[in-house]
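# Examination of the molecular architecture
Okay, here's what each chain looks like letter by letter:
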Amino acid sequence: MHVRITLWFDRHVFEYDIYSLLKAFWPGADITIRYTDETEKEEQQAEETVCELYYAPGEEPYTETVRFHLVPGSAEAAETLGLSGCGAITAAVETDTRSDKIILKNQVKELIYRTLSEQTHRQLPWGDLTGIRPVKLMSGLLQEGKTDEEALAFMQKTWFVSRKKAQLALQTAKREEALLKDIRTEDGYSLYIGIPFCPSICLYCSFGSHPLAVWKKKTDTYLDVLETELKSVYDLMEGRRPDTIYIGGGTPTSLTEAQLERLLTTVTDTFVSDALREFTVEAGRPDTITKEKLQVLRQFPVDRISVNPQTMNQETLDRIGRKHTVEEIRTAFAAARDAGFTNINMDLIVGLPGEGEKEVDRTLEEIRKLSPDSLTVHSLALKRATRLHLFRDAYEEESFVNSERIMDMTEACATDLGMTPYYLYRQKNIAGNFENVGYAREGKACLYNILIMEQRQTILGAGSGASTKLIHENGTRVDRVENVKDLQQYLTRIEEMTERKRKGIAAFLNG
Ligand code: SF4
């Protein structure tokens, strides 16, 4: 049963945080935010589960009460939500409204988390944290001077994070710190280049990629525009060169050998210098990888590539629209090793439709045999802009399973391969409310991945849909400049996008 939850507010406050917390408990539910002054509540459909949050002025001049009600509309809805009955659940917290808004927000989240946790008998691995960067919180605690044990205890007590996840955050924060120690956070930058084409569009894709067959005739034009943008970025940066370069997408190896050579020549001639610490090209889809393309990559200072299986189960690959075989993954990986690549990443997704422990185990066995240098484990996120979300009903019969046990299995595989975690982030609607973790062997971590998550260095983006993040004041302010996502628009609006970047970059350089 699909549950619809209507969240009623009596004012505009903390809606996003509360929405995210309810989503963390019930990722599959449709949650709508409404305001009591917007429309009459009687208009609600009778079967809707209703959640109300409102503030009542107290008798003391500065005290208010925040009340939280959850009212399952039917016994069936209560059962789906994991609640014992369909009576209203109510909780209230007295709060001092003079206090800092963040303190107030944390009180409200705590109230809701405690209530839902008691009612559903569930504890979430990351407690009431709804943000995507728990490692940043851990780094902040360490910077404040807390010892490891104090930082762990704080995370557990304040945000209800499990001991295991707090330890994961601590381990990751420490490795990140060591990896970023020599990065030029003030004057340096990283460069991201997007190639938005793929041989077919995966069911869960949220990257705005385009099918190559439809756009084949325009890929040269895309490269023309992209090169213009890259040259303007170089000029705007007054000749400064980046610490890391990341060509992603889409799948960059969807381009032909000649196109790849052309792009890499421009990038290398314009941006590569002694300051470069890492140069990644995603070769994600095995059905785009050929020996010849790998040879092209080897002619340039590309030192890290990604060959991404997501799963090693053919049935799942077919189901999620990957349109390639398990055998092609093995062949592409072997070809990359033969070509001399010594830093190959593999991406996996857990929680794919129809996959449980048995299927994940099979995938991990294959990964152990291939022995990549780093492994990025994603928990499937049901994003709105994906075909998977669109066809959610059709896949309702399939499970979207993720569990502590599955996360442990992936961690054990990474450990067996000599890897430790080096970056971590969370998403909305993530399967099992877990996290995405990057594991790597010593010397094989991807600096760019950490930089993009922890916002420690400016990232300049080029290509359709690429995001530029200008970091000011030691990461406390981030100015964003977004390129248009629509491919056709990207081809025609380059001057406007360059102009927007010009202003942002000038502020950054003069900052
Ligand atoms: S390979 Fe990646 S970018 Fe391409 S369609 Fe699949 S998920 Fe999207």
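Residues numbered from 1 in each chain as written. Predicted model: local features only at pLDDT ≥ 70, side-chain atom pairs only at ≥ 80, totals over all residues. Heavy atoms only, no water.

### Comments concerning the overall build of the chain
Worth spelling out the cut-off: Secondary structure elements are defined from DSSP: runs of H or I of at least 4 residues count as helices, runs of E of at least 2 residues count as strands, and each element is numbered from the N terminus. Any two residues having at least one pair of non-hydrogen atoms within 4.5 Å are treated as being in contact.
For the chain, the helix and strand inventory stands at 18 helices and 18 strands. Across the chain, the fraction of contacts at a sequence separation of at least 24, relative to all contacts at a separation of at least 6, is 73%.

### As for the side chain of Ser200
Selection criterion: Whenever two N or O atoms come within 3.5 Å, that pair is a polar contact, provided that in protein one can donate a hydrogen and the other can accept it, and provided that, for residues adjacent in sequence, both atoms are side-chain atoms.
In this fold, Ser200 is placed in the loop between β7 (197-198) and β8 (210-211). Within polar-contact distance, the side chain of Ser200 engages the side chain of Arg285 at 2.7 Å. Here Gly321 takes part through its backbone oxygen, which lies 3.0 Å from a polar atom of the side chain of Ser200. In contact with Ser200, other than residues within four places in its own chain, are Arg285, Gly321, Arg322 and Lys323.

### Quick notes on the site of the ligand
We apply this condition: If even one non-hydrogen atom of a residue comes within 4 Å of a molecule or strand, that residue is called near it. Side-chain classes are defined by residue name, with Ala, Val, Leu, Ile, Met, Phe, Trp, Tyr, Cys and Pro counting as nonpolar, Asp, Glu, Lys and Arg as charged, and the others, Gly among them, as polar.
As a structural note, the neighbourhood of the ligand is formed by Cys198, Ser200, Ile201, Cys202, Tyr204, Cys205, Phe207, Ser209, Gly250, Thr251, Arg285 and Arg322. Among the residues forming the shell around the ligand, the class breakdown is 6 nonpolar, 4 polar and 2 charged.

### Overview of helix α9 (residues 257-271)
Basically, it comes down to this: A helix's residues, less one, multiplied by 1.5 Å, set its expected span.
The terminal C-alpha atoms of α9 lie 21 Å apart, and with 15 residues this matches the ideal 21 Å at 1.5 Å per residue to within 8%. Elements that come into contact with the buried residues of α9 comprise β6 (189-195), α8 (219-236), β9 (244-249), β10 (278-282) and α10 (291-298).

### Thoughts on the pattern of salt bridges
Put simply, the test is: Each reported salt bridge corresponds to a side-chain nitrogen of Lys or Arg within 4 Å of a carboxyl oxygen of Asp or Glu. Partly exposed residues are those whose accessible area sits between 20% and 50% of the maximum for their type, while under 20% is buried and over 50% is exposed, using a 1.4 Å probe and protein chains only.
Summed over all chains, the structure comprises 30 salt bridges. The salt bridge involving Glu144 is made with Lys146; its shortest N-O contact spans 3.1 Å. Arg262 is the salt-bridge partner of Asp220, the closest N and O atoms lying 3.9 Å from each other. A residue pair is termed long-range when its members are at least 10 positions apart, and Asp220 in helix α8 and Arg262 in helix α9 qualify at 42 residues. By relative accessible area, which is 26% here, Arg262 ends up partly exposed. The network of salt bridges with common partners includes Asp220, Asp224, Glu227 and Arg262.

### Details of unusual backbone geometry
In this model, Gly249 is joined to Gly250 through a cis peptide bond whose omega is 25°. By secondary structure assignment, the location of Gly250 is in the loop between β9 and α9. For Glu238, which is not glycine, the phi torsion reads 50° and is therefore positive. By secondary structure assignment, the location of Glu238 is in the loop between α8 and β9. Classification of Glu238 as exposed rests on a relative accessible area of 61%.

### Some points on the packing of aromatic side chains
Operational definition: Only rings of Phe, Tyr and Trp enter the pairing, Trp through its six-membered ring, and a pair is recorded when the two centres are within 6.5 Å. The plane angle decides the type: under 30 degrees is stacked, over 60 is edge-to-face, the rest tilted.
According to the stated counting rule, one finds 12 aromatic pairs in the structure shown. On the numbers, 5.0 Å between centres and 20° between planes, the contact of Tyr113 with Phe160 is stacked. Taken together, the residues Tyr113 in helix α3 (residues 101-120) and Phe160 in the loop between α5 (148-159) and α6 (163-179) connect sequence positions 47 residues apart. With respect to burial, Tyr113 and Phe160 carry one shared label: buried. Centroid distance Tyr246 to Tyr448: 4.6 Å. Interplanar angle 25°. Geometry classified as stacked. Of this pair, Tyr246 sits in strand β9 while Tyr448 sits in helix α16 (residues 447-454); the two residues are 202 residues apart in sequence, bridging distant segments of the chain. Of the aromatic side chains, those joined through ring pairs into one cluster are Phe25, Trp26, Tyr113 and Phe160.

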